[in-house]
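The chain contents come next:
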Amino acid sequence: MNNSLSPREFALLQKYIEEHSGIELGAEKAYLIESRLSGLLENYSLGSYEELFYKAYSRKDVIFTRQVFDAITTNETFWFRDKTPWYIMEDLLLPQYIREMQAGRRVNVRIWSCACSSGQEPYSIAMSIDSFLKKNGPGDIGLERFKIMATDLSGSILDLAKSGRYDSVSMERGLDPVMIDRYFTREGNRWLISERIKRAVDFRQFNLKTEPIYSQYYDIIFCRNVLIYFSELTKENILHKIINALKPQGVLFIGASEIIKDASGSLEMDTYQDGVYFRLKG
Amino acid sequence: MEKLKVLIVDDDVMKRKEISEMVENTGMASVVKASGNAYLAMEWLGHNEVQVILLDAVITGESSLEILKTIKDQHNSIEVILISDGTPQSAEITLEGLKNGALDFVKIVPGADTRHEGLKNQLIILFSQITIKMNTLKSASHDRPESGRGLINSAERNNQETVEKIRQFDPLRWTRADLVLIAASTGGPNALEVVCSMFPADFNTAILIVQHIPPEFTGAMVESLGRKCLIPITEGQDGDVISPHHIYIAPGGVHMVVEQAKYQKKTIRLINTPHVNGVRPSADVLFKSLASAYEGSNVLAVVLTGMGNDGRAGIAELKKRCNCFCIAQSEETCVVYGMPRSVNEAGLADEVIDLKEITPRICKIAAGRSW
């Protein structure tokens, strides 16, 4: 049994991990991949890391694939993560969009959650809009006027997102009882999100790094805690693509502790209370 | 107090003489033998008793690491202090030595002034630490709990007074950590390797680390940690904007502080102010600057193995101005239970845990999944 990781095997696993989680690991991390995955190699009596790669790649054994990613990442996801985007949306953006729709100057609002993982972010967006409309909105504008697109690299995580089913541990992260009561029903030890909210989100598999997107299409883009895992060059490319996808005056949210370098100078940083957001000039 | 018996192993006759003088100058130890040949020195050890060995990291014709392993195998109770000349080669061996049981190292450049105060203080601190350790071991093995009682009681009394003054950390305000801090000294490079190697690749809170270390050694340490850590790790540079998913290590020889910049950005500054607590970089200096730059934020501070009490005053300040949770490394897993003890006895530690438990706890607490 060959237990050491060859350069070829590292290249395979590196590419695989990047394609499925977006995390770029440099060559100097080879040792670590080896130490993180050696336990799995042993538990499943695999002869080499190449075998491990093919077993994960084939996706026949979902639990195994999951374990490979768990060894490398934690996949942290939260409902209503960071407070600031939500009140910026409710105080500034939604009232403006609704006024425009009522005046007949706007048909709909397009929102993109560009690395949605297991769905918490796009569903939070839908719940936030729905709650806002119920509280403040005129009766004639409904959730269907808001088109929420949610994408992720990983097909298996998208399946989870689409199912709208969550275990009690993930329910604890950031959801208050009012929201749970309003939008979820209990199914044994799992929680199912309401059909209305599920229908409001369109999930698609998408590679942010390699695939093209519509230009000047979205009013709001959520790209939070995504760019931090990429190399500087990739970061720049993706940001360029995102800027291109925003409508003039469109808004970009990044993670609360993130920093972006906008070389093109087309974004304007704005602050509202203690929250920061970016607006495309023009 | 009985003086510590010291053996010096170094192939340079001038250095042997200089080091002997430095050791004698501390007034706490005496040199019983100085040998230029490691093999003969090991023979001599077979029938003589010492408490401390000062071992040249780059001794000619021998592998100092092999010698270190032999000493640790055969004479486990002897403390080994490595002598490094600060060259990159010696820095590498020295760090490897710390992983293999050396207590600490001193940097001695050939021809240095033997009355150099910094070196003398460093040796005094090391020798007192060894004396304290020997005495604690002795009293523990003699099973006489009274021996340390008076001290412990007074520490406990102090405790209660301080606890009242400290703002307790508030779990309700803790959604997730805005920043993770780690302070370490003696035994630190090794402990940091354990801690850093366990972070998941998508851990996305910024981590700032202060390890007491001379300037020439930070580069080698950062490189070695980088190979074992899935998160990018660099020496903090003046002007760096702190970003998540990144570990910043304070460079040796300067203090690292953090400033509030425009648009809620925080930037790293490196400053040349005097030593604090006898060290530079000092965790107290960094932590105090953070208490203002991160006022009101959720800060997770971790104190690892090391002598002295650097970090304690800084954590007290963080507790006052931020929502600060503090983890101290357990005595059993520390090489030197000094810094963790000082925060613990001041009532500042919210949790005391073993080295291997630290990263899993950091991940949970940073994600707000703990209470």
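Residues numbered from 1 in each chain as written. Chains lettered and ligands numbered in written order. Predicted model: local features only at pLDDT ≥ 70, side-chain atom pairs only at ≥ 80, totals over all residues. Heavy atoms only, no water.

### Side note on the interface of chain A and chain B
We apply this condition: It only takes one pair of heavy atoms within 4.5 Å for two residues to be counted as in contact. When two components associate, each loses some accessible surface as probed by a 1.4 Å sphere; the sum of these losses over both components is called the buried area. Any Lys or Arg side-chain nitrogen found within 4 Å of a carboxyl oxygen on Asp or Glu counts as a salt bridge. Here a polar contact is taken to be a pair of N or O atoms separated by no more than 3.5 Å, where protein atoms must pair a possible hydrogen donor with a possible acceptor and residues adjacent in sequence count only if both atoms sit in side chains. Numbering of helices and strands starts at the N terminus; helices are DSSP runs of H or I of at least 4 residues and strands are runs of E of at least 2. Three residue categories are used. Nonpolar comprises Ala, Val, Leu, Ile, Met, Phe, Trp, Tyr, Cys and Pro, charged comprises Asp, Glu, Lys and Arg, and polar comprises the others, including Gly.
Taken together, the contact pairs 27 residues of chain A with 25 residues of chain B. Buried surface at the junction of chain A and chain B, both sides included, amounts to about 2,300 Å², of which 59% is carbon and sulfur. Counting across the interface, chain A meets chain B through zero salt bridges. Where chain A touches chain B, the interface holds seven residue pairs in polar contact (both at pLDDT 80 or more). Going through the elements one at a time, helix 2 (30–43), strand 9 (267–272) and strand 10 (275–280) of chain A are the ones with two or more residues in the side of chain A that touches chain B. If one sorts the elements of the side of chain A that touches chain B by residue count, helix 2 of chain A sits on top with three residues. Each residue belonging to the side of chain A that touches chain B can be placed in one class, and the counts come to eleven nonpolar, seven polar and nine charged.

### Focus: the sheet that holds strand 7 (residues 218–222) of chain A
Residues and elements named next belong to chain A. In plain terms, the rule: When DSSP locates at least two bridges between a pair of strands, those strands are taken to pair. Note on geometry: axes are C-alpha line fits, over the in-contact stretch for helices, and angles between N-to-C directions span 0 to 180 degrees.
Reading across from one edge, 6-2-1-7-8-10-9 is the order of the seven strands in this open sheet, with mixed pairing throughout. Here the strands that pair on one side only, and so sit at the sheet edges, are strand 6 (201–205) and strand 9. Strand-to-strand twist in this sheet, taken as the mean axis angle between neighbours without regard to direction, amounts to 25°. Here strand 9 pairs with strand 10 via six bridges, running antiparallel. Among the inter-strand pairings, Glu268 is bridged to a residue of strand 10, identified as Arg279. In the packing of helix 6 (residues 120–136) onto the sheet, contacts are made with strand 1 (109–113), strand 2 (146–152), strand 6 and strand 7, and the angle to strand 2 comes to roughly 165°. Sheet contacts for helix 11 (residues 232–245): strand 1, strand 7, strand 8 (246–253), strand 9 and strand 10; angle to strand 8, the most-contacted strand, approximately 130°.

### Topic: the pairing of strand 5 (residues 104–107) of chain B
Residue and element names in this part refer to chain B. Our working definition: Orient the strands so they point away from the viewer; a crossover is then right-handed if the path from the first strand over the helix to the second runs clockwise.
Relative to strand 5, strand 4 (residues 79–84) runs parallel, the two sharing four bridges. Residue pairing for strand 5: Ser84 is matched across the bridge by Lys107. Tracing the backbone out of strand 4, into helix 4 (residues 88–99) and back to the parallel element strand 5 gives a crossover that is right-handed.

### Examining the packing of helix 7 (residues 188–197) of chain B against helix 8 (residues 215–227) of chain B
Residues and elements named next belong to chain B. Here is the rule we go by: Here roughly perpendicular refers to angles of 65 to 115 degrees, roughly parallel to angles under 35, roughly antiparallel to angles over 145, and oblique to all remaining angles. Each helix crossing is assigned a hand: it is left-handed if the near helix lies turned anticlockwise from the far helix by less than a right angle, otherwise right-handed if that turn is clockwise.
Helix 8 packs onto helix 7 with a crossing angle of 30° between their chain directions and a minimal axis gap of 9 Å. Comparing the axis directions of helix 7 and helix 8 gives the class roughly parallel. Helix 7 and helix 8 meet at a crossing whose hand is right-handed. Two secondary-structure elements touch here, helix 7 through Pro189, Leu192, Glu193 and Cys196 and helix 8 through Met221, Ser224 and Leu225.

### Observations concerning the domain arrangement of chain B
All names here are of chain B. Heads up, the condition is: Note: domain ranges come from an automatic or database domain assignment.
Per the domain assignment, the segments of chain B are domain 1 (4–138) and domain 2 (154–366). Listed per partner, the contact involves 15 residues of domain 1 and 15 residues of domain 2. Summing the contributions of domain 1 and of domain 2, the shared interface buries around 1,300 Å²; its carbon and sulfur component is 70%. The residue Glu193 makes a salt bridge to Lys99 at a minimum N-O spacing of 3.2 Å. Mapped onto the side of domain 1 that touches domain 2, the elements with two or more residues apiece are helix 4, strand 5 and helix 5 (117–141). No other element matches helix 4, which puts five residues into the side of domain 1 that touches domain 2. Per-class residue counts for the side of domain 1 that touches domain 2 are seven nonpolar, four polar and four charged.

### With respect to the packing of aromatic side chains
Heads up, the rule is: Centres within 6.5 Å are what make two rings of Phe, Tyr or Trp a pair, Trp counting through its six-membered ring; a difference in plane orientation under 30 degrees is then read as stacked, over 60 as edge-to-face, and the rest as tilted. Two limits define a charge over a ring: the Lys NZ or Arg CZ must be within 6 Å of the ring centre, and within 35 degrees of the ring normal.
Summed over the entire model, instances satisfying the criterion amount to 20 aromatic pairs over all chains. The structure contains a cluster of three or more aromatic residues connected by ring pairs, namely A:Tyr16, A:Phe53, A:Tyr54, A:Tyr57 and A:Phe69. Here the basic side chain of B:Lys228 rests over the ring of A:Tyr31, its NZ or CZ set 5.7 Å away from the ring centre. Over the ring of B:Tyr294 we find B:Lys266; its NZ or CZ atom is 4.8 Å from the centre of that ring.

### As for the pairing of strand 11 (residues 266–271) of chain B
All names here are of chain B. With six bridges connecting them, strand 10 (residues 255–260) and strand 11 associate as antiparallel partners. Following the sheet pairing, Gln260 is matched in strand 11 by Lys266. Linkage of strand 10 to strand 11, two consecutive antiparallel strands, is achieved through a turn of five residues, within which Tyr263 is found at a positive phi near 50°.

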